[in-house]
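Chain and residue survey
Residues per chain, in single letters:
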Amino acid sequence: ERVEGEMDLADNVAETSVDIRDDSFRILLVQGAASYEFRFLKHLLERATNRDGSRQLVDLVSVLQTGDPRYADQDRAARRLPPVDEQTLEQLDLIILSDCDPQGLGRVLQDRIVELVTGKGTSLIIIAGPNHLPGKLAGTPLESLLPVDPNSVRVSEAALQALSWKLTSLG
């Protein structure tokens, strides 16, 4: 409806289409090294179910770049290497790169991620961390997907310092 003083009426209406599907959300999670954040996110995604708990909402593939290779044998969602086959990549809805080494992804997969995000509409989340991201994305195909210049990102020394805890009188 028109609001008093409104100059442009053309933006009062918008049409969009929504695809509703009844299959799981397909996610690729690539992490550089094991961390509590990785474990929390991985388990959170694995536990996501529909309202009555009868069906998984997330079909997760996780890759831990510097993890023990036998880890992938013990975890149903874990893989030793990120998938590179067309069929698997085309089905992804979301790619999460969490402080991973872009060189460990390889140039072909980096190019393919850019194609999926810009052409197919696959979502991408890049989680910065102290080891690799976003700085090591400079000069890679993935750099074009960043909202910031990775060369200008600086980490303060305070962010890298360990926290020391003191108990209060209440404990």
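Summary of the structure given here. These numbers come from a predicted model, not from an experiment. (Residues numbered from 1 in each chain as written. Predicted model: local features only at pLDDT ≥ 70, side-chain atom pairs only at ≥ 80, totals over all residues. Heavy atoms only, no water.)

1. Thoughts on the overall build of the protein chain
Our working rule: By the criteria applied, helices consist of DSSP H or I runs no shorter than four residues and strands consist of E runs no shorter than two, each listed in order from the N terminus. As a reference, a globule follows 2.2 Å times the number of residues to the power 0.38, and the radius of gyration itself is taken over C-alpha atoms. Think of it in three bands: with a 1.4 Å probe and only protein chains considered, a residue is buried below 20% of the maximum accessible area for its type, exposed above 50%, and partly exposed in between. In this description, contact between two residues means that some pair of their heavy atoms is separated by no more than 4.5 Å.
A tally of regular secondary structure across the protein chain gives six helices and five strands. For the protein chain, the C-alpha radius of gyration of 20 Å lies well beyond 16 Å, the compact-globule estimate for 171 residues. Across its three principal axes, the protein chain shows a C-alpha extent of roughly 60 × 45 × 45 Å. Per-residue burial over the protein chain gives 31% buried out of 171 residues. Residue pairs at least 24 apart in sequence account for 64% of intrachain contacts in the protein chain once pairs closer than 6 positions are excluded.

2. Thoughts on the nonpolar core
Where we set the bar: Among the buried residues, those of types Ala, Val, Leu, Ile, Met, Phe, Trp, Tyr and Cys that are joined through side-chain atoms within 4.5 Å form a nonpolar core.
Residues L28, V30, I95, L97, C100, L105 and L142 are the most contacted members of the largest nonpolar core, which totals 18 residues. Elements with a minimum of two residues in this core: β1 (25-31), β2 (58-64), β4 (94-98) and α5 (107-120). Among the elements that take part in this core, α5 stands out by supplying four residues, more than any other. If we ignore the near neighbours within four places in the chain, the residues touching L97 are V30, L105, L124, I125, I126, I127, L133 and L142. In terms of nonpolar packing, the next biggest core, distinct from the first, is built from ten residues, I27, L45, A77 and I96 among them.

3. A short note on the packing of aromatic side chains
Under the convention used in this document: Working definition: a ring pair exists when centres of Phe, Tyr or Trp rings (six-membered ring for Trp) sit within 6.5 Å. Plane angles under 30 degrees give stacked, over 60 give edge-to-face, the rest tilted. Counted as over-ring charges are cases with an Arg CZ or a Lys NZ within 6 Å of the ring centre that also lie within 35 degrees of the ring normal.
For the coordinates displayed, the defined rule picks out zero aromatic pairs. The ring of Y36 carries R39 above its face, with NZ or CZ at 5.2 Å from the centroid.

4. With respect to the sheet that holds β4
In sheet architecture, strand pairing relies on hydrogen bonds along the backbone and comes in two forms, parallel and antiparallel. Which entries qualify depends on this criterion: Two strands are counted as paired when DSSP detects at least two bridges linking them. In this description, a line fitted to the C-alpha atoms serves as the axis of each element, helices being fitted only across the stretch in contact, and the angle between N-to-C directions of two axes falls anywhere from 0 to 180 degrees.
On the basis of which strands lie adjacent, the open sheet formed by five strands has the order β3-β2-β1-β4-β5 and parallel pairing. Only two strands of the sheet have a single partner each, and these edge strands are β3 (78-79) and β5 (123-127). As paired elements, β4 and β5 share five bridges and run parallel to each other. Note on β5: the bridge partner recorded for I96 is I125. In the packing of helix α1 (residues 36-47) onto the sheet, the strands contacted are β1, β2, β4 and β5, and the crossing angle to β2 comes to about 155°.

5. What about the environment of K136?
With respect to the helices and strands, K136 occurs in the loop between β5 and α6 (157-160). By relative accessible area, which is 41% here, K136 ends up partly exposed. Expressed as a C-alpha distance, the spacing of K136 and C100, which sit 36 residues apart in the sequence, is 9.1 Å.

6. Some remarks on the pattern of salt bridges
Threshold: Each salt bridge in this description consists of a side-chain nitrogen of Lys or Arg and a carboxyl oxygen of Asp or Glu lying within 4 Å of one another.
Here the structure, examined in full by the defined rule, presents nine salt bridges. For K42, the salt bridge identified is with D75, shortest N-O distance 2.6 Å. Here K42 is found in helix α1, whereas its partner D75 is found in the loop between α2 (71-74) and β3, with 33 residues between them in sequence. Note that R80 and D73 form a salt bridge whose closest N and O atoms lie 2.9 Å from each other. Residue classification places D73 among the exposed positions, given a relative accessible area of 53%. When salt bridges that share partners are traced, they join E86, E90, R112 and E115 into one network.

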